[in-house]
Amino acid sequence: MEHGSNSDNSKSSFSLVDEDHTLANAVRFTLNQDPRVSFSGYSIPHPSENRVNIRVQTTGAPAQEVLKDACQDLMMMCQHVRSTLDKAVADYKMRNQRDADSD
């Protein structure tokens, strides 16, 4: 859910339900890498609520578009980490299998 200004779409707050610090901090980090972002931060209203509020202020680009781009960048980073891990695990298993076969 977006809570923004009708007059200025470069500043918005977004509320994500069923999320916590894990996603919010990663999104905040990714947003801060974007040169279009002048401010980003997040808060959790109450520890018993599974909700995160993310604030995005840009240098002029629509905040909703910048948040979407940040989420897509984060997905690409996660896919890269996953494929790198999968390759490392496969290489490890292959090496250990060869070592076990040579014993």
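Relevant structure appears above.
Remember, predicted model here, so these are calculated numbers, not experimental data. Note that residues are indexed from 1 along each chain, following the sequence as it is written. Under the rules for a predicted model, residues below a pLDDT of 70 receive no local features and side-chain atom pairs below 80 are neither given nor counted, while totals for whole chains, interfaces and linings still include all residues. Only hydrogens and water are set aside when side-chain values are computed; all heavy atoms of the structure are taken into account.

Draft legend 1. Fine view of the state of the cysteines. The disulfide definition used here is simple: a pair of cysteine sulfur atoms within 2.5 Å. Under the criterion given, the structure shown has 0 disulfides. This cysteine, Cys-71, is not joined by any disulfide, and Cys-78 carries the nearest cysteine sulfur, 11 Å off.

Draft legend 2. Geometry of the pattern of salt bridges. One speaks of a salt bridge when a side-chain nitrogen belonging to Lys or Arg is within 4 Å of a carboxyl oxygen belonging to Asp or Glu. The tally for this structure, following the rule as stated, stands at 7 salt bridges. Between Asp-34 and Arg-36 there is a salt bridge whose closest N-O contact spans 2.8 Å. Any residue under 20% of the maximum accessible area for its type is buried, any over 50% is exposed, and the rest in between are partly exposed; the area is computed with a 1.4 Å probe on protein chains only. Residue class for Arg-36 comes out partly exposed when judged on its relative accessible area of 24%. The partner of Asp-69 in a salt bridge is Arg-36, with the nearest N and O atoms 2.9 Å apart. Separated by 33 residues along the polypeptide, Asp-69 in helix α2 (residues 63-102) and Arg-36 in the loop between α1 (21-32) and β3 (37-43) bring together distant segments of the chain. One connected set of salt bridges, linked through shared partners, spans Asp-34, Arg-36, Glu-65 and Asp-69. Put simply, DSSP H or I for four residues or longer makes a helix, DSSP E for two residues or longer makes a strand, and each gets a number counted from the N terminus.

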